[in-house]
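So the chains spell out like this:
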Amino acid sequence: MSVEIIALDADDTLWHSESRFQDTQLRLSEILDRHAPHDEVQAHLHELEDRNIKLFGYGIKGFTLSMVEAAIEISQGQITAGEIHEIVMMGKAMLEMPMELLAGVVETLEILGRNYPLFLITKGDHMDQYNKIEKSGLGDHFKEIEVLLNKDVAAYRELFARHRTDPAKVMMVGNSIPSDILPVLELGGHGTYIPYHVTASFERHQSEPDHPRFRRLKTIQALPELLLKMNGG
Ligand SMILES: [Mg+2]
C-alpha cells in the first residue's frame, strides 16, 4: 500500500477558486433581479454551464460566455449592452485576480517535496491555468504539471502511462470526488479528499466512496502525517 508519488489538484486544493465563481454568480443575480429571482438565475446558469462544458471546457472564459447566454435568455433579450459589458468585465476581473493560497500550502509542499516527487494535475483552460500556476509561485515544487481537458479515467490512465508511473503508487489529493478521487481509485491508486467549503455544481457527488484506498482530511496540513502513517516513516 505504499505511496511513491503525490499528485495534487490545484483549484480549491492549493488556492481559492470556486468562492470567486460564487461571488460573480451572486452579482449576475443582482444584474438580472428585475427579470428573475436568484434561484432561477443560478439554476439556468448551471444548466447552461453543464451543456456548454463540452464546447467551452472548464474555466473562466467559458463561464463568462455562459453568463452572457443566461443573461440574454433570462431577460428574453431585454438585457442592455451596458449590462452585458459589465458581465464580460466581471469575467475579465476574475482572470486578473491575484492568487490566494489556502492555509499551509507552501509549508506542506516543502515538506512533501523532500520525500516525494509532486505532480500538479488540474483541468480547464490552458492559458488561465498556466497563468494561475505562474502567479501562485508554486510551480517549482512540482516535478510534473499537467493541465487536462477533463479529469476522467481515460485522461489519468494516459497521463500515468506517459510518465511511466504505476497508478497504484500514486496518491491523488483534491477537493472533487468525481474529478480527483473516483478515477484514481478505479485505476488502483489512492484518493485523498480535502473538501473546500463550496463545491461547483458539476463537481458535486452524492456520497463519499467506501473504499480502502480512500481517505478524507480536513486540511492539506494533515497530509505529511497521513503519509508518514501509511508509509511507516
Ligand atoms: Mg479542485
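Residues numbered from 1 in each chain as written. Predicted model: local features only at pLDDT ≥ 70, side-chain atom pairs only at ≥ 80, totals over all residues. Heavy atoms only, no water.

### Quick look at the packing of aromatic side chains
Okay, so step 1: For the coordinates displayed, the defined rule picks out three aromatic pairs.
Okay, so step 2: Arranged with centres 4.8 Å apart and planes meeting at 75 degrees, the rings of Phe-21 and Phe-63 form a pair that is edge-to-face. Within this pair, whereas Phe-21 is found in helix 1 (residues 18–31), its partner Phe-63 is found in helix 3 (residues 60–74), the two being separated by 42 residues in sequence. Like Phe-63, Phe-21 is buried.
Okay, so step 3: Above the face of the Tyr-58 ring, Lys-123 is positioned so that its terminal group lies 3.7 Å from the ring centre. (Phe/Tyr/Trp six-rings, centres within 6.5 Å; stacked < 30°, edge-to-face > 60°. Helix = DSSP H or I, 4+ residues; strand = E, 2+ residues; numbered from the N terminus. Buried < 20%, exposed > 50% of the residue type's maximum accessible area, 1.4 Å probe, protein only. Lys NZ or Arg CZ within 6 Å of the ring centre and 35° of its normal.)

### Concerning the nonpolar core
Okay, so step 1: In terms of nonpolar packing, the biggest core is built from 27 residues, with Ile-6, Leu-8, Leu-14, Phe-142, Met-171, Leu-223 and Leu-227 touching the most fellow members.
Okay, so step 2: Elements that contribute at least two residues to this core include exactly strand 1 (5–8), helix 5 (105–115), strand 2 (118–123), strand 4 (170–174) and helix 9 (223–231).
Okay, so step 3: A per-element tally of this core places helix 9 first, with four residues.
Okay, so step 4: Those residues in contact with Phe-142, other than ones at most four positions away along the chain, are Leu-8, Leu-14, Leu-109, Leu-118, Phe-119 and Leu-120.
Okay, so step 5: With 19 residues, the next largest nonpolar core counts Leu-32, Leu-48, Met-67 and Ala-70 among its residues. (Core = buried A, V, L, I, M, F, W, Y, C linked by side-chain atoms within 4.5 Å. Contact = heavy atoms within 4.5 Å.)

### Observations concerning the sheet that holds strand 2
Okay, so step 1: Within the open sheet, the six strands sit side by side as 3-2-1-4-5-6. Their pairing is parallel. With one partner strand each, in any of the chains shown, strand 3 (144–148) and strand 6 (214–216) form the two edges of the open sheet. Direction aside, the axes of adjacent strands within the sheet are offset by 20 degrees on average.
Okay, so step 2: Here strand 1 pairs with strand 2 via three bridges, running parallel. Its bridge partner being in strand 2, Leu-8 is matched across the sheet by Leu-120.
Okay, so step 3: Docked against the sheet, helix 6 (residues 126–136) engages strand 2 and strand 3, running at close to 150 degrees with respect to strand 3.
Okay, so step 4: Against the sheet, helix 9 engages strand 1, strand 4, strand 5 (190–193) and strand 6, with an angle of about 155 degrees to strand 4. (Pairing = 2+ DSSP bridges. Axes fitted to C-alpha atoms, helices over the stretch in contact; angles between N-to-C directions.)

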